[in-house]
Structure formats: structure tokens, C-alpha cells
Amino acid sequence: MAATKALLMLENFIDGKFLPCTSYIDSYDPSTGEVYYRVPDSGKEEIDAAVEAARRAFPGWSSRSPQERSQVLNKLADLLEQSLEELAQAESKDQGKTLTLARTMDIPRSVQNFRFFASSVLHHTSECTQMDHLGCMHYTVRTPVGIAGLISPWNLPLYLLTWKIAPAMAAGNTVIAKPSELTSVTAWMLCKLLDKAGVPPGVVNIVFGTGPRVGEALVSHPEVPLISFTGSQPTAERITQLSAPHCKKLSLELGGKNPAIIFEDANLDECIPATVRSSFANQGEICLCTSRIFVQKSIYSEFLKRFVEATRKWKVGVPSDPSASMGALISKAHLEKVRSYVKKALSEGAQIQCGEGVDKLHLPARNQAGYFMLPTVITDIKDESCCMKEEIFGPVTCVTPFDSEEEVIQRANSVKYGLAATVWSRDVGRVHRVAKQLQSGLVWTNCWLIRELNLPFGGMKSSGIGREGAKDSYDFFTEIKTITVKH
Ligand code: NAD
């Protein structure tokens, strides 16, 4: 009888130690559909232990100087960078994204997150004003909040987790992080580097498991005064309810239904490849991905023809294939959900220009049960359709014509989300005018996903509450106090 290969078992990381859990859940390789590791199914008990450890570690860590904390963060960045290839392989296998993307985006950005906040924490200043007629001066001081609860999603696992851990630590908080149960491996690998980087036990605790069990235990814990959450809008609603009785500080980075607005004077040679990328990068599983493309009528036919041709070249392949632009979706359930939107569009009379149900997907035999799907372009769809209103979070984008600037701004703003938008035009006046009127936390004009980490990141309306970035994250992860001195 052939021996069954032992599955990798992850462990929680609490108080500087790896601890087994009493129960586990399966985690799947999206490119094959096979179980390949098991994740602790933690709950309240593990959160209580992590809170205890984080509370003990807080006085020591918060009283270090920003320079001392910065050194630890930089060391962690160096160690992550030394493990870049190993981490990229793990991220790609766990999430389904291409190895190329994990190597060039996810892991380098995780390294950069630590370096960025290691540097930015050294440059904050406080405010001071005087009231000479009353013999007073006023100034502000900032102090770390305490134990930071950090909850992250599966689409950019280490990238988004470190985007929270780094500023929380830099500002002097201790941390309890809960990555997505679907993608826990790189967070567990990060735990192995903490001690080497000089992170004292209890400063960073990582507890694995599902949202309803361990996530809710973290959010409802009275000694965790702050929750930074990135994920979906329904989960944010639940988190808001659970934290309300404790008046917790909340940062919510949620979904989007992001428009691209393409005017007739756009440079299509640049716009088309960028819009293919903005629609389908990471299988369309980025909160910033374009999912509604508005094209001015005079160029609609040309745009559509060239866009569909370019989409057909966006190759779906196994994540390790260097020629693949896109890998597998995160899970079977998610694949089915994304497909159901295409079916719904068809039932409403929309046209599928390429992808799902139109073209053929070619995969090796061992990947036939993987969660793959072709990039799909939908046209002839009404703005009221759920495909134009709801976040699909997969490789599906809708293209629709428009006449005027006024009309397109109104249509772009007609959804509940307001995260990211792109505007393509060579008319500088129009670019500023339109960008200003869009209800969107981020607007890229004539480009997509060029990030300046110093500046605020986040969404309006149902896309979230709060912003992240150098100053915004520092403000969130600290409490401010105004002191008045009369002399
Ligand atoms: P999700 O809301 O299902 O899960 C996110 C995290 O919350 C996971 O760790 C999950 O286990 C946890 N969780 C689930 N239920 C919980 C509960 N009741 N209490 C506490 N924690 C709970 O989201 P997802 O499917 O993992 O991620 C996709 C979503 O994330 C999309 O909507 C996407 O747009 C959004 N997203 C937003 C950004 C951004 O920066 N705005 C970035 C990436 C992803």
C-alpha cells in the first residue's frame, strides 16, 4: 500500500512559541483542488492566551524608542527578503496566483511594508500652539493604542497582513493577527523569522482559523481596543456590530466595483494593456480591479475589438508557468460564485465576448480539478444588473458605452462602493474635473495601481472607513492627546 504523504500542519504563534491546536481545518491547493495543509481551527481559548501575551509584552515594546523599533522592522524586512523565493513559492501555491506575481509583487511589497514603516515612524511630529493672552500653550502627544487586532483576507495574503503588522508595531502596539483561513502559510512562515529579527515574545501573535470562530473572538475581546480589517462588506458589518459595545477604533478596507472611464481622446495603445491588467491581474482578485469599463461611443467598437483581442492573450495557466498571466481562483465556492454572475448576465440578455462558455481552457491533466477560469468580457448589460452593481472579485469585467462626461460621472457613481477608479484622457482639464467628481478614495488617471505609500489609501461609501498610509496608519495606531500648560 502506498504511504500517504503527511500533511503540513500549521501551528499558532503565541508569546513567541509555536503551539498546536486541538482541531484543524483543511486548506486546498487551488491549482489542483487537493488538500495540502491543515490550519488550526482556533477559538476563544487561543485568543485569550494571545491577549495575555500581548498585554505582558506591551509595556516593554511601547517604551522602546521609535529608532529601536525601526531597527527591528528593518531586520525583519531583510530576513523576509532573504526568503523571498521560498515565500513566493508558498504564496503562489496557497493562493493560486502566478509565481511571477508573487515574486514581483506580493513578497517584495511585504518586504517594503516593513522598510517603509520602519522609516516613516521616525518622521512624525506633533502640534503645538500658543495662547499668549491667557499665558497658555497647547501641544499634542501620541501614544500607542495597546493590543491591535488585525484581520486580513486571502487575495494578497502576506502583502496585506504586513501592511497592518508593520505600522501597528512601528507605533509601539502589540499585535494579534488573524490571516484568512484560506491562505495562512506565509503568515506562519513569517512567525519563524520574528525571533531572529529581535521581536520580543508576545509583541506579534498570529492566531489561525475561521472568521466566525477566532475572528469573532478577537473582535469581541474587551482588551483589544482596535481592529484593523481588510475584507468584504458583509464581514465588516458583523465586525462593526461586535465592536460597537466596546467603542473600538475601527479601520475597514472593503470591496469595490471600480469603474474605468475611457474618453475618445485616450491613448488606446497604453489604455488597453493597462485595462486588461487592471481587470484581470491576480485573477481579478484585487479590491482595486476594474469591473465596469465605460467607453465613449465614438471609440466603443474599436476599443471593444482591441480589448477582447488583448484579453484572449491574457493566458490562464498553472501558477508556476512563467508564461501565464493568471493562475487559479481561490476556492471552488468562489469559482462557482464568479461563474454564477456570468450565467446571470447571459440570462439577462448580455453578450459574452470572450472567456467563460465561449473559449476553451487548456490545462494539464493534474490541474483539471483546479479552480481555473478564463478572463471574461461582458457587453450589452444594463447598469441595474447585479454584474454592474455587485463586487464579483474574479476575472469578469463589463464594457458599456457612454455619450457625455456628465452622464458617465453619474453612472460611475451609481453603485454603493467607492474604492478606486481609472480615467483615460489626454485632456488635462477633463482629467482633473472628472477625478474630482468621482466618489472614489483613489483615482488613477492614464495608469493603474501606481502606489505612493505615504498618501492615504482607502475607500468611500461601502468601500470602507478610514485610510491607511504613512500618516493615516500612524494616526490610527496611536491615540492623540491635547495637553494645555498655563505658565
Ligand atoms: P472576508 O470578509 O470573507 O474575510 C476577510 C477576513 O475576515 C478573513 O480573515 C476572514 O476569516 C475574516 N472573517 C470572516 N468572517 C468574520 C467574522 N464574522 N468576524 C471576524 N473576522 C471574520 O473577505 P475575503 O473573501 O477574505 O476577501 C475578499 C474581500 O476583501 C473582497 O470584498 C475585497 O474587495 C476585499 N479586499 C479589500 C481590500 C482593500 O484594501 N480595500 C484589499 C483586499 C481585499
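Keep in mind it's a predicted model, so treat the numbers as computed, not measured. (Residues numbered from 1 in each chain as written. Predicted model: local features only at pLDDT ≥ 70, side-chain atom pairs only at ≥ 80, totals over all residues. Heavy atoms only, no water.)

This structure, assessed with the given rule, holds 33 salt bridges. Linking Asp-15 and Arg-56 is a salt bridge whose minimum nitrogen-to-oxygen distance equals 2.7 Å. Here Asp-15, found in the loop between strand 2 (12-14) and strand 3 (17-19), pairs with Arg-56, found in helix 1 (residues 44-62); they are 41 residues apart in sequence, far enough to count as distant. Between Glu-34 and Arg-366 there is a salt bridge whose closest N-O contact spans 3.9 Å. Placement of Glu-34 in strand 5 (residues 34-40) and of Arg-366 in the loop between strand 15 (351-354) and strand 16 (376-379) is noted, with a sequence separation of 332 residues between them. Residue classification places Arg-366 among the exposed positions, given a relative accessible area of 56%. Among the ionic contacts, a cluster of salt bridges with common partners joins Asp-15, Lys-17, Glu-52, Arg-55, Arg-56 and Glu-223. (Salt bridge = Lys/Arg side-chain N within 4 Å of Asp/Glu carboxyl O. Helix = DSSP H or I, 4+ residues; strand = E, 2+ residues; numbered from the N terminus. Buried < 20%, exposed > 50% of the residue type's maximum accessible area, 1.4 Å probe, protein only.)

All right, on to the sheet that holds strand 16 then. In spatial order, the strands read 15-16-17-14-13-19-20; together these 7 strands make up an open sheet with mixed pairing. Of all the strands in the sheet, the pair left with one neighbour each is strand 15 and strand 20 (442-445). With direction set aside, neighbouring strand axes in the sheet form an average angle of 25 degrees. Taken together, the 4 bridges between strand 19 (residues 420-424) and strand 20 define a ladder with parallel strand orientation. Within strand 20, the residue paired with Ala-420 across the bridge is Leu-442. (Pairing = 2+ DSSP bridges. Axes fitted to C-alpha atoms, helices over the stretch in contact; angles between N-to-C directions.)

Before going further, it helps to spend a moment on the packing of helix 4 (residues 99-120) against helix 5 (residues 157-170). Between helix 4 and helix 5, whose axes approach to 8 Å, the crossing angle comes to 5 degrees. The orientation of helix 4 relative to helix 5 falls into the category roughly parallel. Residue-level inspection shows Met-105, Asp-106, Ile-107, Arg-109, Ser-110, Asn-113, Phe-114 and Phe-117 of helix 4 in contact with helix 5, the latter providing Pro-157, Leu-158, Tyr-159, Thr-162, Trp-163, Ile-165, Ala-166, Pro-167, Met-169 and Ala-170. Its residues placed into classes, the contact of helix 4 with helix 5 shows 13 nonpolar, 3 polar and 2 charged. (Parallel < 35°, antiparallel > 145°, perpendicular 65-115°, else oblique. Contact = heavy atoms within 4.5 Å. Nonpolar A, V, L, I, M, F, W, Y, C, P; charged D, E, K, R; others polar.)

Read from one edge of the open sheet, 3 strands run 6-7-23, paired in antiparallel fashion. The sheet terminates laterally at strand 6 (128-131) and strand 23 (478-486), the two strands that pair on one side only. The mean angle between the axes of side-by-side strands here comes to 25 degrees, regardless of whether they run parallel or antiparallel. Both strand 7 (residues 136-144) and strand 23 contribute to a ladder of 9 bridges, which runs antiparallel. Bridged to Thr-143 within strand 23 is Glu-479.

We now examine empty space enclosed by the protein. Applying the stated criterion to the full structure yields 5 cavities of 30 Å³ or more. For the largest cavity, the calculated volume is near 150 Å³. As for the largest cavity, its lining consists of 17 residues, and the residues nearest its centre are Tyr-159, Leu-160, Cys-287, Leu-288 and Phe-457. Considering each element in turn, the lining of the largest cavity owes the most residues, 3 residues, to helix 5. Partitioning the lining of the largest cavity into residue classes produces 12 nonpolar, 1 polar and 4 charged. Split by domain, the residues of the lining of the largest cavity number at least three in each of domain 1 (8-255 + 463-486) and domain 2 (258-445). The calculated volume of the second largest cavity comes to roughly 90 Å³. In terms of lining residues, the second largest cavity is bounded by 13 residues, among which Gly-284, Cys-289, Ser-291, Glu-391 and Phe-393 are the most central. (1 Å grid on protein atoms, 1.4 Å probe; cavity = no way out; pocket = protein on both sides within 12 Å on 5 of 7 lines; lining within 4 Å. Points joined across faces, edges and corners; volume = space filled by probe spheres on them. Domains from an automatic or database assignment.)

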